[in-house]
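A closer look at the structure
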Amino acid sequence: MFRFMSLLAGAAMATTAFASEDIADQYPQSELYAKPVEVIPYVFSAIGATAPPTYENAGHNNNLSFVVTPEGVVVVNGGASARLAAALHEEIKAVTDQPVKLVVNENGQGHAFLGNSYWADLGVDILAHEDAIHETEENGHFILEGMKGYNRDRAEGTRAVSANLSFADTYEYELGGVKFEILHLGPAHGPGDTQVWIPAWDIMIAGDIAFHERMPPIFGDTCTSCWIETWETKLEPIAPTYVIPGHGHPTNMAQVRRFTRDYLVDLREKIGAHIEEGGDLGGAYYVDQSNWERLDTFEELATKNAGRVFEEMEWE
């Protein structure tokens, strides 16, 4: 029934083909940026580019994952377009003849939900956190138009479709003997951040609570102190062995802690010192973030992040 790559082969692929903002497309015969790899047995992920969404990467700049069970498949992330979702489905069908039973959106961003239209047309249930659904219902048209702007003909057939199933804190789901805990651990990167935890296999499909190859973007409504608290009080106690972050290759907790929690703590300390010295917003953009310049999207995000943290901390 299943045709699986070995774990070692999957690991080899993951280490020789890097997600990067400098590589336009690693899988030109597919709408996907990269071919899915088997992270651990039965858990696959198509690793997206760490660049912003472009026509060349078809908006596949996040991780599109799927879990194969004897009774069906769970997909994590709808994808940035209907065509991208269809391309992922072709890869799933190359691995198993089991049907997709559930799609989980990791948040309300376009690359998480715009492919929902493809899955909804197949009658597949789609699950998202209630805050993510609010985001897609309020801003779905705007997000869709933005995708059309860079994706042009690759946006064909895509509609803004919200999830038909919602949850607030935890959604327990079992398929083929595999238990999934679909979690909203708390405020982090953006509204409705969702994590998929498979306790028996010790793997967390973490979504955008965790970064390590690209710089974490801080939005205007991101609460960085809340993100740190959610990390330390909710994510750390789970202590998964394997982590599939929202962007970048599968890794472990030490790596995502270093480049997410530690980055946020460092930036808040730098901005806090700047405020203590009477610094203003203009000066905040230039606080020293050189420890993090190796991360993809550093040039695009570092100064924006500093400004947003200043605006957050100015009134704390």
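My aim in this report is to walk through the structure given alongside it, one point at a time.

Calculation notes
- Residues numbered from 1 in each chain as written.
- Predicted model: local features only at pLDDT ≥ 70, side-chain atom pairs only at ≥ 80, totals over all residues.
- Heavy atoms only, no water.
- Helix = DSSP H or I, 4+ residues; strand = E, 2+ residues; numbered from the N terminus.
- Rg over C-alpha atoms; globule rule 2.2 N^0.38 Å.
- Buried < 20%, exposed > 50% of the residue type's maximum accessible area, 1.4 Å probe, protein only.
- Phe/Tyr/Trp six-rings, centres within 6.5 Å; stacked < 30°, edge-to-face > 60°.
- Lys NZ or Arg CZ within 6 Å of the ring centre and 35° of its normal.
- Axes fitted to C-alpha atoms, helices over the stretch in contact; angles between N-to-C directions.
- Left-handed = near helix turned anticlockwise from the far one by under 90°.
- Contact = heavy atoms within 4.5 Å.
- Nonpolar A, V, L, I, M, F, W, Y, C, P; charged D, E, K, R; others polar.
- Parallel < 35°, antiparallel > 145°, perpendicular 65-115°, else oblique.
- Disulfide = S-S within 2.5 Å.

Further remarks concern the overall build of the protein. When you go through the protein residue by residue, the secondary structure sums to 9 helices and 12 strands. A globule of 316 residues ought to have a C-alpha radius of gyration of about 20 Å, and the protein, at 19 Å, matches this closely. Across its three principal axes, the protein shows a C-alpha extent of roughly 65 × 40 × 40 Å. Relative to its full complement of 316 residues, the protein shows a buried share of 56%.

Evaluated as defined, the whole model comprises 7 aromatic pairs. With 4.9 Å between their ring centres and 5° between their planes, F44 and F66 make a pair best called stacked. Taken together, the residues span a long stretch of sequence, with F44 in strand β2 (residues 43-46) and F66 in strand β3 (residues 64-69) at a distance of 22 residues. Classification of F66 as buried rests on a relative accessible area of 0%. Plain terms: the ring middles of F259 and W292 are 6.1 Å apart, the flat faces sit at 80° to each other, and that makes the pair edge-to-face. Placement of the pair is F259 in helix α7 (residues 253-276) and W292 in the loop between α8 (281-284) and α9 (298-313), with a sequence separation of 33 residues. You can call F259 buried: its relative accessible area is 1%. By relative accessible area, W292 is classed as buried at 8%. What links up through ring pairs into an aromatic cluster is the set F259, Y263 and W292. Positioned over the ring face of Y55 is R152, at 4.0 Å from the centre of the ring.

It is at 10 Å that the axes of α7 and α9 come closest, and there the two elements cross at 65°. α9 is crossed by α7, and the crossing has right-handed handedness. Of the residues in α9, those in contact with Y263, L267, R268, I271, G272, H274 and I275 of α7 are N305, A306, V309, F310, E312 and M313. The residue makeup of the contact of α7 with α9, split by class, is 8 nonpolar, 3 polar and 2 charged.

Let us look at the packing of helix α6 (residues 224-238) against α7. Running from N to C, α6 and α7 point in directions that differ by 150°, and their axes come no closer than 10 Å. When the axis of α6 is compared with that of α7, the two are roughly antiparallel. Once α6 is placed against α7, the crossing between them reads as left-handed. Note on element contacts: α7 touches α6 through M253, V256, R257, T260, R261, L264, V265 and R268, opposite T224, S225, W227, I228, W231, E232, L235 and E236. In terms of residue class, the contact of α6 with α7 is built from 8 nonpolar, 3 polar and 5 charged.

What follows deals with unusual backbone geometry. The backbone of Y42 sits at a positive phi, close to 80°, despite the residue not being glycine. The residue Y42 is located in the loop between β1 (37-40) and β2 in this model. In this structure, N77 takes a positive phi of about 100° despite not being glycine. Relative to the helices and strands, N77 resides in the loop between β4 (72-76) and α2 (82-95).

Throughout the structure, instances matching the rule amount to 1 disulfide. With its sulfur 2.2 Å from that of its partner, C223 forms a disulfide with C226. Because the sign of the S-S torsion sets the handedness, a value of about 70° for the bond joining C223 and C226 places this disulfide among the right-handed ones. With a relative accessible area of 24%, C223 lands in the partly exposed category.

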